[in-house]
Amino acid sequence: MSDQDHFFMAQALGLAQRGLYSTHPNPRVGCVLVNAQGQTVGQGWHVRAGEPHAEVHALRQAGELAKGATAYVTLEPCSHYGRTPPCADALIAAGVKRVVAALQDPNPQVAGRGLKRLHEAGIEVQSGVLAAQARALNIGFIKRMETGMPFVRVKLAMSLDGRTAMASGESQWITGPAARSAVQRLRARSSLVLTGADTVLMDNARLTLRASELGLDEEQTALALSRPPLRVVVDSRLRVPLNMPFFSAGPAVVATLNNPSTEAHQQAGHRLLLCPEAEGHVDLTWLLHQLAQEGANEVLVEAGPTLAGAFARQGLVDEYCIFMAAKLMGSSARPLLDWPLARMEEASALRILDIRAVGSDWQIIAAPEQALYSAYV
């Protein structure tokens, strides 16, 4: 593993990052082709599911110059036919001499078979270069492939004294424009945004992407808007009427315990997902597993203290993204999570992964100590 390997893999990871908002449900992948003289002859990144993979874009750019080159790719080249042909076969046909992968693909349809096919074709293969960075970039895809569950990120906004809304329910706006822009980017990278009936009813929440607040360049904004996250509301008793802004904003999924006629929701372009019950509420573990089966890699939970607390209590959170405003809202305001604990030994220990200023607010990224999956290196 040379300095050159690290250098070009870092370039490939930079390309993969460009697919942060658009590749769902596929992983974000970048590829760089380098000739024997250490010159880049081709590069590419996966843009959208169903379109050519990163390796194909790089090979097309390189043309005949791909022969004898080294391919740096952030995820093992695929070996199966999906919506596109196997990338391993394309690399073999192009005559590359060496393939360096950051990670072995956790997809059971690949899982080492791509590297094996390349090796059997006489191509030198290596994996593990900048593996931690590649894993962090695709942590939702990796978790879904390995466990059948998505990566769950809970977004919370609070005052300095840990309050999220006044006693009346008023909560707009705790944080400033920069924090709201950061939340827009969290939505854009997520497969879906999940909220509760109370949030929709009390805040008139739409949970859509707003181009003016994304803070991205023109290309990235267009990509994000071309694949907005699915919006899911957990509404056990179907309390949210169809004339709410949440439903007028576009197609949505309603996770519910009720099983009435679905005609009205279907006519409006929405889907009712009948869920099993757990202690009188939607079974959140079942719901997450179902959403993962449907291709959800990253789930962003934007909910009030009751639903957010339920995710926390049930150990379903991989990462908390907490925006803290320099405000004091007082003891009668609502808490961050509905999670009654009686003794210090019951407290949930977290690992702080990142703290930074976001405009006039602070962003804190934390994970439960027992969390096995992290989007941070």
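This is a predicted model, so every value here is computed, not measured.

Novice: Give a description of the environment of Ser190 that names residues and reports values.
Specialist: Here Ser190 shows up in the loop between α7 (177–189) and β8 (192–196). Residues Ser190 and Ser22, 168 residues apart in the sequence, show an inter-C-alpha distance of 9.5 Å. Filtering out sequence-adjacent residues up to four positions away, Ser190 remains in contact with Arg227, Pro229, Glu298 and Leu300. Only 2.6 Å separates the side chain of Ser190 from the backbone oxygen of Leu186, close enough to count as a polar contact.

Novice: I'd like to hear about the pattern of salt bridges, residue by residue, with values.
Specialist: Within this structure, the stated rule accounts for 16 salt bridges. Residue Arg98 pairs with Asp5 through a salt bridge whose shortest N-O separation is 2.9 Å. In this pair, Arg98 is assigned in strand β4 (residues 98–101) and Asp5 in helix α1 (residues 3–17), connecting sequence segments 93 residues apart. You can call Arg98 buried: its relative accessible area is 14%. In this structure, Arg189 and Glu298 form a salt bridge, with 2.9 Å as the shortest nitrogen-oxygen distance. Of this pair, Arg189 sits in helix α7 while Glu298 sits in strand β14 (residues 298–301); the two residues are 109 residues apart in sequence, bridging distant segments of the chain. One continuous salt-bridge network, built from bridges that share partners, spans Arg28, Arg153, Arg189, Glu298 and Glu319.

Novice: Quick rundown of the sheet that holds strand β18 (residues 361–368)? Include the residues and the values.
Specialist: Strands in a sheet are paired, the pairing made by backbone hydrogen bonds, and the direction either parallel or antiparallel. Taking strand neighbours across the sheet as the criterion, the nine strands line up as β11-β10-β9-β8-β14-β6-β15-β18-β17 in an open arrangement whose pairing is mixed. Edge positions in the sheet fall to β11 (271–274) and β17 (350–358), since each has one partner strand and no second. In this sheet, adjacent strand axes meet at a mean angle of 25 degrees when their direction is disregarded. In terms of strand pairing, strand β6 (residues 151–158) meets strand β15 (residues 319–324) through six bridges, oriented parallel. The partner of Met158 across the bridge, within β15, is Met324. Across the face of the sheet, helix α14 (residues 305–313) comes into contact with β6, β8, β9 (230–234), β14 and β15 while running at roughly 110 degrees to β8.

Novice: So what about the side chain of Arg227? Which residues, and what values?
Specialist: Following the sequence through the fold, Arg227 ends up in the loop between α10 (218–226) and β9. Separated by 3.4 Å, the side chain of Arg227 and the backbone oxygen of Tyr21 make a polar contact. Leave out the neighbours within four places in its chain, and Arg227 touches Tyr21, Ser22, His24, Ala188, Arg189, Ser190 and Ser191.

Novice: Outline unusual backbone geometry, supporting the account with residue identities and numerical values.
Specialist: In this model, His24 is joined to Pro25 through a cis peptide bond whose omega is 5 degrees. In this structure, Leu130 is a non-glycine residue whose phi angle is positive, near 55 degrees. Residue placement: Leu130 occurs in the loop between β5 (124–127) and α5 (131–137). You will see that Asn204, though not glycine, has its phi angle at about 50 degrees, which is positive. Look at Asn204 and you get partly exposed, because its relative accessible area is 44%.

Novice: Got a sec to walk through the domain arrangement of the chain? Specific residues and values, please.
Specialist: Each assigned domain of the chain is listed with its residue range as follows: domain 1 (3–137) and domain 2 (148–375). Here the C-alpha centre of domain 2 lies 34 Å away from the C-alpha centre of domain 1. Residue-level contacts link 15 residues of domain 1 with 19 residues of domain 2. Both sides of the domain 1 and domain 2 interface together cover about 1,300 Å² of buried area, and 48% of this is carbon and sulfur.

Novice: Would you mind going over the nonpolar core in detail, with residue names and values included?
Specialist: Ranked by size, the top nonpolar core spans 51 residues in total, and within it Met9, Leu33 and Val99 carry the most contacts. Each of domain 1 (3–137) and domain 2 (148–375) contributes no fewer than three residues to this core. If sequence neighbours within four positions are ignored, Val99 has contacts with Ala71, Val73, Pro77, Leu91, Leu118, Ile123, Glu124, Val125 and Gln126. One finds Met149, Val152, Val154 and Val282 within the second-largest nonpolar core, a separate group that totals 36 residues.

Novice: Which residues make up helix α3 (residues 87–94), and what values do they have?
Specialist: Turning to α3, its buried residues are Cys87, Ala88 and Leu91. With its buried residues spanning 105 degrees around the axis, α3 presents them on a single face. Here the buried face of α3 lies against α2 (54–62), β3 (70–73), β4 and α4 (113–120).

Novice: Describe the pairing of β17, with residues and values.
Specialist: Pairing of β17 with β18 involves eight bridges; the strand directions are antiparallel. For Arg351, the partnering residue across the bridge sits in β18 and is Ala367. The turn linking β17 back onto β18 is made up of two residues, and Gly359 within it adopts a positive phi angle of 60 degrees.

Novice: Residue-level account of the side chain of Asp354, with values.
Specialist: Along the chain, Asp354 falls in strand β17. The exposure class assigned to Asp354 is buried, which follows from its relative accessible area of 15%. A distance of 2.8 Å separates a polar atom in the side chain of Asp354 from a polar atom in the side chain of Arg356. Dropping the residues within four chain positions of it, Asp354 is found in contact with Gln363, Ile364, Ile365 and Tyr376.

Here is what the cut-offs are and how they apply
- Residues numbered from 1 in each chain as written.
- Predicted model: local features only at pLDDT ≥ 70, side-chain atom pairs only at ≥ 80, totals over all residues.
- Heavy atoms only, no water.
- Helix = DSSP H or I, 4+ residues; strand = E, 2+ residues; numbered from the N terminus.
- Contact = heavy atoms within 4.5 Å.
- Polar contact = N/O pair within 3.5 Å; in protein donor to acceptor, adjacent residues only side chain to side chain.
- Salt bridge = Lys/Arg side-chain N within 4 Å of Asp/Glu carboxyl O.
- Buried < 20%, exposed > 50% of the residue type's maximum accessible area, 1.4 Å probe, protein only.
- Pairing = 2+ DSSP bridges.
- Axes fitted to C-alpha atoms, helices over the stretch in contact; angles between N-to-C directions.
- Domains from an automatic or database assignment.
- Buried area = accessible area lost by both parts, 1.4 Å probe.
- Core = buried A, V, L, I, M, F, W, Y, C linked by side-chain atoms within 4.5 Å.
- Arc of directions from axis to C-beta.

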